[in-house]
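Chain and residue survey
What follows is each chain in one-letter form.
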Amino acid sequence: MNPALIIVVVIAVIALEFFLRSRDGRVQRSKPKYQTQALQSTQDDEDDDQLQDFPYQVQNHFLSPAELSFFQNLRGVVGNRAVVSAKVGLGDVFWIKLEDKSKFRAYRNKIDRKHVDFLLCDPATMQPLLGIELDDSSHQREDRRERDAFVDQVFAVAKLPLLHVPAKRAYVVAEIAAQLAPYLGSSSTFAPEIAPLAAQPIMAAALSKIASEPVVTVKPAVQPPRCPKCGSEMVLRTVKNGANAGSHFWGCSNYPNCRGMLPYALEKT
């Protein structure tokens, strides 16, 4: 073979190899950029999938306006005598005792998606003391009445008191205090002789009008409670005229600047 031709072929092979190596080098140097873009795209896809799997956001209002208003008044009445918790699941309040374990899930499902609006607990032990349901107009629906009847029965069987309070735009602190007194016991603010309005000769409607009736102040046989509105010491008063004549009630000593009132139980004989 012609030596010159051999030399040309060798040079051509060397040039071709040099060209191929240079091109591979450029590809290798640019590869990390493509890999970064691919990784970023994969990460974005994973983030989108996660947002779809967990589409959760914080609610702006945990309590409705009516619930918030009652909650604020409730905390003022309870003070440090109980811990007030809102919207507590029944599954966290009650446990299920069954001999037939196969029925556990069925009974658990009945309470899993239900809650009580407010729960009062002992501040030292967190033992539940009282459940409170705030009943608005939705509780008039047939399905809500069935739900309420079931919840009432759960509380009754477990021997945990449940108090139903009608939802209002505004609440009277004295009324809330009177309803809670039997369940919270005595304290420096509320004396043990205070009983719920339903057990008093002074009915709720009469109590709301009693300040307009002539009254006299009498010397109480028990330690006066503190006014639930302003904290002043209360005085025992007697209605002179009207349908409630002779009935006793606690009135704020700061009257008429403060019209705080509490019902008064009859002395025990």
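Look a little higher up for the structure.
Here is a short report on the structure shown in this document. Note that the structure is a prediction, hence the values are computed from the model and not measured.

Attention now moves to the overall build of the chain. Looking only at helices and strands, one finds 7 helices and 8 strands in the chain. By residue count, 31% of the 269 residues in the chain fall in the buried class. Within the chain, contacts between residues separated by at least 24 positions form 59% of all contacts whose residues are at least 6 apart in sequence. For the chain, the exposed surface amounts to about 18000 Å²; the carbon and sulfur share of it is 55%.

It is worth spelling out the pairing of strand E7 (residues 248-252) at this point. Burial of E7 is extensive: 4 of the 5 residues sit out of reach of the surface. Sheet topology places strand E6 (residues 234-239) next to E7; 5 bridges connect them, and they run antiparallel. Counted as the bridge partner of Met234 is Cys252 from E7.

Turning our attention to the sheet that holds strand E3 (residues 128-135). Read across the sheet, 4 strands follow the order E1-E2-E3-E4 without closing on themselves; strand pairing throughout is mixed. Each end of this open sheet is capped by a strand with a single partner; those strands are strand E1 (83-89) and strand E4 (162-166). On average, each strand axis in the sheet is tilted by 30° relative to the strand beside it, whichever way the strands run. Two elements, strand E2 (residues 115-121) and E3, share 4 bridges in a ladder whose sense is antiparallel. Following the sheet pairing, Cys121 is matched in E3 by Pro128. Here helix H2 (residues 65-78) sits on the sheet and contacts E1, E2, E3 and E4; the angle it forms with E2, its principal contact strand, is near 15°. Each of E2, E3 and E4 is contacted by helix H5 (residues 142-157), which is oriented at about 145° to E4, the strand it contacts most.

Turning next to helix H6 (residues 173-184). With 12 residues, H6 ought to run about 16 Å at 1.5 Å a step, and its terminal C-alpha atoms sit 15 Å apart, in line with that. Val173, Ala174, Ile176, Ala177, Ala178, Leu180, Ala181 and Leu184 are the residues of H6 that are buried. As for H6, its buried residues are in contact with H2, E2, E3, E4 and strand E8 (261-263).

Attention shifts here to the pattern of salt bridges. If you walk through the whole model with that rule in mind, you get 8 salt bridges. A salt bridge links Asp112 to Arg105; the nearest nitrogen and oxygen atoms lie 3.7 Å apart. With its nearest N and O atoms 2.5 Å apart, the salt bridge here joins Glu133 to Arg147. On the criterion of sequence distance, the pair formed by Glu133 in strand E3 and Arg147 in helix H5 is long-range, its members being 14 residues apart. We classify Arg147 as buried; its relative accessible area is 13%.

About the cut-offs
- Residues numbered from 1 in each chain as written.
- Predicted model: local features only at pLDDT ≥ 70, side-chain atom pairs only at ≥ 80, totals over all residues.
- Heavy atoms only, no water.
- Helix = DSSP H or I, 4+ residues; strand = E, 2+ residues; numbered from the N terminus.
- Buried < 20%, exposed > 50% of the residue type's maximum accessible area, 1.4 Å probe, protein only.
- Contact = heavy atoms within 4.5 Å.
- Areas by Shrake-Rupley, 256 points an atom, 1.4 Å probe, with all protein chains shown as cover.
- Pairing = 2+ DSSP bridges.
- Axes fitted to C-alpha atoms, helices over the stretch in contact; angles between N-to-C directions.
- Expected span 1.5 Å × (residues − 1).
- Salt bridge = Lys/Arg side-chain N within 4 Å of Asp/Glu carboxyl O.

Just distances and angles here, no functional claims.
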